[in-house]
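Analysis of the macromolecular model
Residue strings, one per chain:
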Amino acid sequence: MFKEEYIFFDVDVSTKKEALEFISNQAQVLGLTDDKDGLLKDFMERESEFSTGLQDGFAIPHAKSSHAQKIAIIYMRCKNEIKEWETLDDSPVTNLFALIVPKKNAGNEHLMMISKLAANLLEDEFKDKVKASHDKSELKEYILKIMKEES
């Protein structure tokens with residue numbers, strides 16, 4: 001669900017579409033999707049319903065997709081601020097947790113994942129740790145630990 005190879009630092013994108021294209025392309029490289037364009041379309045459709053931008057530079061784009069092969073979370077830190085991404089505090093997005101969920105698994109599991117991530121993104125300690133991390137292994141272990149903790 002979340003591995004070191006799903007973590008990307010200093011990605012050179014400057015629009016929401018570029019960020020979601022990068023995620024969709026990486027999902028195909030990582031074997032998380034069988035169709036990067038179909039996955040991108042599902043991300044974009046979800047964004048058109050309601051922005052997944054939160055606050056303090058974070059967003060949680062997510063897609064329930066027939067093109068998804070397995071449940072996964074991709075973390076991406078952008079080199080540039082994405083100013084067009086609508087957020088609760090009007091801050092530009094620089095950190096994304098992208099959730100990829102196969103339609104067949106689209107029950108409560110993805111909602112629990114989103115809820116857990118969103119709850120942690122209200123905590124300054126969590127946000128600071130994620131923003132400051134430059135070690136993929138350490139970040140992976142930290143996020144997996146947080147995701148396993150009971151709310």
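Just above, that's the structure.
One structure accompanies this document, and this report is about it. (Residues numbered from 1 in each chain as written. Predicted model: local features only at pLDDT ≥ 70, side-chain atom pairs only at ≥ 80, totals over all residues. Heavy atoms only, no water.)

Another aspect to go through is the side chain of Ser 65. Residue placement: Ser 65 occurs in strand 3 (residues 62–65). From its side chain, Ser 65 meets the backbone nitrogen of His 67 in a polar contact 2.9 Å long. Setting aside chain neighbours within four positions, we find Ser 65 in contact with Leu 39, Asp 42, Val 101, Pro 102 and Lys 103. (Helix = DSSP H or I, 4+ residues; strand = E, 2+ residues; numbered from the N terminus. Polar contact = N/O pair within 3.5 Å; in protein donor to acceptor, adjacent residues only side chain to side chain. Contact = heavy atoms within 4.5 Å.)

This brings us to the packing of helix 4 (residues 124–132) against helix 5 (residues 136–148). Direction vectors running N to C along helix 4 and helix 5 enclose 155°, while the axes themselves pass 10 Å from each other. With respect to their mutual orientation, helix 4 and helix 5 come out roughly antiparallel. The way helix 4 lies across helix 5 gives a crossing that is left-handed. When helix 4 is examined against helix 5, the residues Glu 125, Phe 126, Lys 129 and Val 130 are found in contact with a partner set consisting of Glu 138, Leu 139, Tyr 142, Ile 143 and Ile 146. Its residues assigned to classes, the contact of helix 4 with helix 5 shows six nonpolar, no polar and three charged. (Axes fitted to C-alpha atoms, helices over the stretch in contact; angles between N-to-C directions. Parallel < 35°, antiparallel > 145°, perpendicular 65-115°, else oblique. Left-handed = near helix turned anticlockwise from the far one by under 90°. Nonpolar A, V, L, I, M, F, W, Y, C, P; charged D, E, K, R; others polar.)

Bringing the side chain of Ser 24 into the picture now. Looking at the secondary structure, you find Ser 24 in helix 1 (residues 16–29). The exposure class assigned to Ser 24 is buried, which follows from its relative accessible area of 1%. Among the polar contacts listed, one links the side chain of Ser 24 to the backbone nitrogen of Leu 40, at a separation of 3.4 Å. (Buried < 20%, exposed > 50% of the residue type's maximum accessible area, 1.4 Å probe, protein only.)

What follows concerns the pattern of salt bridges. Tallied over the entire structure, the rule returns eight salt bridges. With a closest N to O distance of 3.8 Å, Glu 138 and Lys 129 form a salt bridge. Lys 140 serves as the salt-bridge partner of Glu 141, at 2.9 Å between the closest nitrogen and oxygen. Here Glu 141 falls in the partly exposed class, since its relative accessible area comes to 44%. Residue Lys 140 is classed as buried on the basis of its relative accessible area, which comes to 17%. Here the salt bridges share partners, and the residues they tie into one network are Asp 56, Asp 124 and Lys 127. (Salt bridge = Lys/Arg side-chain N within 4 Å of Asp/Glu carboxyl O.)

The next point concerns the nonpolar core. Grouped together as the largest cluster of nonpolar side chains are 25 residues, with contacts concentrated most on Ile 23, Phe 43, Ile 74, Met 76, Trp 85, Leu 96 and Ile 100. Broken down by secondary-structure element, the contributors of at least two residues to this core are strand 1 (7–11), helix 1, helix 2 (36–49), strand 4 (72–82) and strand 5 (93–102). Considering each element in turn, this core owes the most residues, five residues, to strand 4. Counting residues in hydrophobic clusters, the runner-up holds 23 residues, among them Leu 99, Met 113, Leu 144 and Ile 146. (Core = buried A, V, L, I, M, F, W, Y, C linked by side-chain atoms within 4.5 Å.)

Here we take up the packing of aromatic side chains. Scanning the entire structure with this criterion turns up six aromatic pairs. For the pair Phe 8 and Phe 22, a centre-to-centre distance of 5.2 Å together with 90° between the ring planes defines the contact as edge-to-face. In this pair, Phe 8 is assigned in strand 1 and Phe 22 in helix 1, connecting sequence segments 14 residues apart. Geometrically, the ring pair formed by Phe 9 and Tyr 75 is edge-to-face, given 6.4 Å between the ring centres and 75° between the ring planes. (Phe/Tyr/Trp six-rings, centres within 6.5 Å; stacked < 30°, edge-to-face > 60°.)

To continue, consider unusual backbone geometry. The phi torsion at Asp 10 lies on the positive side, around 55°, for a residue other than glycine. Tracing the sequence through the fold places Asp 10 in strand 1. The backbone of Asp 90 shows a phi angle near 60°, a positive value even though the residue is not glycine.

In short, shape yes, function no, at least from these values alone.
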